[in-house]
Amino acid sequence: MALRFWEIYEETKEQFRLKIIAGKAGMDTVVSWVHMLEDETIVSRFHGEELAITTGMKASQPNWLLKLVQEMAKDECAGIIINTGMYLKEIPPEVIAWCDENRFPLLEMPWEISITSLIQDYCMRIIDQQQHEKKISNAFRQIIQGRNEPEFRKILEPRYHINGSFQAFCLKVKKTVEEEVYLNQALFKLENLFGSWKGNRKINISYGLIRMDDSIVLVLNDIHEKEFTELPDLIMQSFKYFV
């Protein structure tokens, strides 16, 4: 389970004096990485679910910020943090309205807070989470292969209802080396089908992703029958590049 924007925000909002300005409804989304962003043309090089931080250096250009958040949302970015106070004193109301309407997270951070410190902190959290997910995936992999030992159950117990039900989807993906980036994008799309906020539009259950050779195994814990029957079509949408 990848880090969600709201998780990082809750853990760092006081440290970096962050404030949610708009798009709070969209914060139950995966954050794949964090980038400094001052040139909107760079957005086309993002791979999906990136969080961007900007000082708004080009905000004097007409509608620059509005066009930027619209382009980021189109490319399925996780959200944007604006370092206000120098180039951008206030966030334009039309930008706030658009982000709220389109559930695109827009946060504000005061100028005196170091962008470098935030990016370093967030990227380290993402890397730490990736390392933890490798341990989770390895535990599932060992159990699937028949090694149901206590050490593997111990790794899984904090997140999963071990004595509950487990279901699995196995996806065999044919790809070239060059298509690895598209596979990663598909996996982020797949993870964004799930969430942890009650009442959102996502599936609120514990899950795991295991890569086994050229296959992806999605493990689900205590999923409801209705969600289970709807999931295959949603999975195919996430992997539509390979279909």
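Residues numbered from 1 in each chain as written. Predicted model: local features only at pLDDT ≥ 70, side-chain atom pairs only at ≥ 80, totals over all residues. Heavy atoms only, no water.

*Asks:* Go over the sheet that holds strand β8 (residues 215–221), please, and point to the residues and values.
*Replies:* Note on sheets: strands pair through backbone hydrogen bonds, and any given pair is parallel or antiparallel. If you trace the 3 strands from one edge of the open sheet to the other, you get β6-β8-β7, paired in antiparallel fashion. In this open sheet, the two strands that pair with only one neighbour each are β6 (166–172) and β7 (206–212). Ignoring strand direction, the axes of neighbouring strands in this sheet form an average angle of 20°. Taken together, the 7 bridges between β7 and β8 define a ladder with antiparallel strand orientation. Paired with Gly208 across the strands is Val219, a residue of β8. Docked against the sheet, helix α6 (residues 180–191) engages β7 and β8, running at close to 165° with respect to β7. With respect to the sheet, helix α7 (residues 225–238) is in contact with β6 and β8, its orientation differing from that of β6 by roughly 20°. (Pairing = 2+ DSSP bridges. Helix = DSSP H or I, 4+ residues; strand = E, 2+ residues; numbered from the N terminus. Axes fitted to C-alpha atoms, helices over the stretch in contact; angles between N-to-C directions. Contact = heavy atoms within 4.5 Å.)

*Asks:* Residue-level account of the sheet that holds strand β1 (residues 19–22), with values.
*Replies:* Spatially, 5 strands are ordered β1-β5-β4-β3-β2 in an open sheet, and the strand pairing comes out mixed. If you trace the sheet from one side to the other, it starts and ends with β1 and β2 (33–36), each paired once. Strand-to-strand twist in this sheet, taken as the mean axis angle between neighbours without regard to direction, amounts to 25°. Note that β1 and strand β5 (residues 106–110) share 3 bridges and pair antiparallel. For Ile20, the partnering residue across the bridge sits in β5 and is Leu107. Relative to β1, helix α3 (residues 93–101) is tilted by about 85°, and along the sheet it contacts β1 and β5. Where helix α4 (residues 115–144) meets the sheet, its contacts fall on β2, β3 (50–54), β4 (79–84) and β5, and the angle it forms with β2 comes to roughly 160°.

*Asks:* Help me get a handle on helix α1 (residues 5–12), residues and values and all.
*Replies:* Inspection of α1 places Phe5, Ile8, Tyr9 and Thr12 among the buried residues, and these make up the whole buried set. Buried residues along α1 cover an arc of 100° about the axis, so they all sit on one side. Looking at the buried residues of α1, the elements they touch are β1, β3, β4, β5 and α4. (Buried < 20%, exposed > 50% of the residue type's maximum accessible area, 1.4 Å probe, protein only. Arc of directions from axis to C-beta.)

*Asks:* Quick rundown of the packing of α1 against α4? Include the residues and the values.
*Replies:* Viewed as axis vectors pointing N to C, α1 and α4 meet at an angle of 125°, and their least axial separation amounts to 12 Å. Overall, the two elements α1 and α4 adopt an arrangement that is oblique. Considering only the axes of α1 and α4, their crossing is right-handed. Residues Ile8, Tyr9, Glu11 and Thr12 of α1 form the contact with α4, whose participating residues are Asp121, Tyr122 and Arg125. The residue inventory of the contact of α1 with α4, partitioned by class, reads 3 nonpolar, 1 polar and 3 charged. (Parallel < 35°, antiparallel > 145°, perpendicular 65-115°, else oblique. Left-handed = near helix turned anticlockwise from the far one by under 90°. Nonpolar A, V, L, I, M, F, W, Y, C, P; charged D, E, K, R; others polar.)

*Asks:* How would you sum up the pairing of β7? Please name residues and give values.
*Replies:* The element β7 is extensively covered by neighbouring structure, given that 6 of its 7 residues are classed as buried. In this antiparallel pair of consecutive strands, β7 and β8, the connection spans 2 residues, and Asp213 shows a positive phi of 55°.

*Asks:* Requested: an account of the state of the cysteines, with residues and values cited.
*Replies:* Inspection of every chain in the model, using the stated rule, returns 0 disulfides. Unpaired in this structure, Cys99 has its nearest cysteine sulfur neighbour in Cys77, at a distance of 12 Å. With a relative accessible area of 0%, Cys99 lands in the buried category. You can see Cys123 has no disulfide; the closest cysteine sulfur is in Cys77, sitting 14 Å from it. For Cys123, a relative accessible area of 8% corresponds to the buried category. (Disulfide = S-S within 2.5 Å.)

*Asks:* Report on the pattern of salt bridges, specifying residues and quantitative values.
*Replies:* Evaluated as defined, the whole model comprises 13 salt bridges. Ionic pairing is found between Lys58 and Glu40, a salt bridge with its closest N-O pair at 3.1 Å. Pair noted here: Lys58 is in the loop between β3 and α2 (64–74) and Glu40 is in the loop between β2 and β3, with a separation of 18 residues, a long-range link. The partly exposed category is assigned to Lys58, whose relative accessible area is 23%. Relative accessible area serves as the criterion here: at 28%, Glu40 is assigned to the partly exposed category. Taken together, the salt bridges that share partners define one network made up of Glu11, Asp121 and Arg125. (Salt bridge = Lys/Arg side-chain N within 4 Å of Asp/Glu carboxyl O.)

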